[in-house]
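Fold and geometry: a report
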Amino acid sequence: MREIREDIAKDCLLQLLVIVEQGEPVAITRDGLAVAHLVPAHEGAGEVTPEDAETLKRQKALAENFIEWCAQQEPMSDSLQDILGRRSSDRT
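Residues numbered from 1 in each chain as written. Predicted model: local features only at pLDDT ≥ 70, side-chain atom pairs only at ≥ 80, totals over all residues. Heavy atoms only, no water.

**Quick look at the environment of Leu38**
Worth spelling out the cut-off: In this text, helices come from DSSP runs of H or I with a minimum length of four residues, and strands from runs of E with a minimum of two, each type numbered from the N-terminal end. Contacts were defined at the residue level, with two residues in contact if any of their heavy atoms lie within 4.5 Å.
Among the secondary structure elements, Leu38 is positioned in strand 3 (residues 33–38). Taking the C-alpha atoms as reference points, Leu38 and Arg2, 36 residues apart in sequence, are found 10.0 Å from one another. Once residues lying within four places of it in the same chain are set aside, the contact partners of Leu38 are Leu13, Leu16, Val20, Pro25, Val26 and Ile28.

**Re the nonpolar core**
As a reminder of what qualifies: For the purposes of this section, nonpolar cores are sets of buried Ala, Val, Leu, Ile, Met, Phe, Trp, Tyr and Cys residues that join through side-chain atoms within 4.5 Å. Here's how the labels work: a residue is buried when its accessible area is under 20% of the maximum for its type, exposed when over 50%, partly exposed in between, all with a 1.4 Å probe on protein chains only.
Judged by nonpolar contacts, the single largest core of 13 residues is most densely connected at Ile4, Ile8, Leu16, Val26, Leu38 and Ile67. Only helix 1 (6–11), helix 2 (13–21), strand 2 (26–30) and helix 3 (50–72) provide two or more residues apiece to this core. Those residues within four positions of Ile4 in sequence are excluded, and the remaining contacts are Ala9, Leu16, Val26, Ala27, Ile28, Thr29 and Ile67.

**So, the layout of surface pockets**
Under the convention used in this document: Points on a 1 Å grid over protein atoms alone make up a cavity when a 1.4 Å probe fits among them but cannot get out, and a pocket when they form an open set with protein on both sides within 12 Å along at least five of seven lines; lining residues each have an atom within 4 Å of a point. Grid points are joined across faces, edges and corners, and a volume is the space filled by probe spheres set on the points. The residue classification treats Ala, Val, Leu, Ile, Met, Phe, Trp, Tyr, Cys and Pro as nonpolar and Asp, Glu, Lys and Arg as charged. All others, Gly included, are polar.
What the second largest pocket holds in volume is close to 200 Å³. If you go around the second largest pocket, you meet eleven residues; those closest to its centre are Asp7, Asp11, Cys70, Gln73 and Pro75. For the lining of the second largest pocket, the elements supplying multiple residues, two or more each, are helix 1 and helix 3. Among the elements that make up the lining of the second largest pocket, the one with the highest residue count is helix 1 (four residues). The residue makeup of the lining of the second largest pocket, split by class, is five nonpolar, one polar and five charged.

Nothing here speaks to function; it is all geometry.
What follows is the structure, given as C-alpha cells:
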C-alpha cells in the first residue's frame, strides 16, 4: 500500500483519487503512522478497451508525477498575514 504524508495528501487529493480509482489503496500518514486509508469503493467496472486502458495509464502517471512534485516542494514558512502585510508596506 502506498503511503503519503497528510500535508501532501491535502494538496494532492484529486490525484490520489485517480490512483485509488484504479485499484491502488493509499495510506495517509501523520508522524509516520497511518491515520486513514483511501480504498477503491468497488472493483473495476468490467471490460476496458485498449484506448481506455491507455488513457487510465496516462492519468495515473500524471497523478503520480504531480504527487511526487508536491512532495519535493518546500513548505511555505510565511503566513498569509505576513505576505499581505509585506504587500501593503511595499505600496507606501
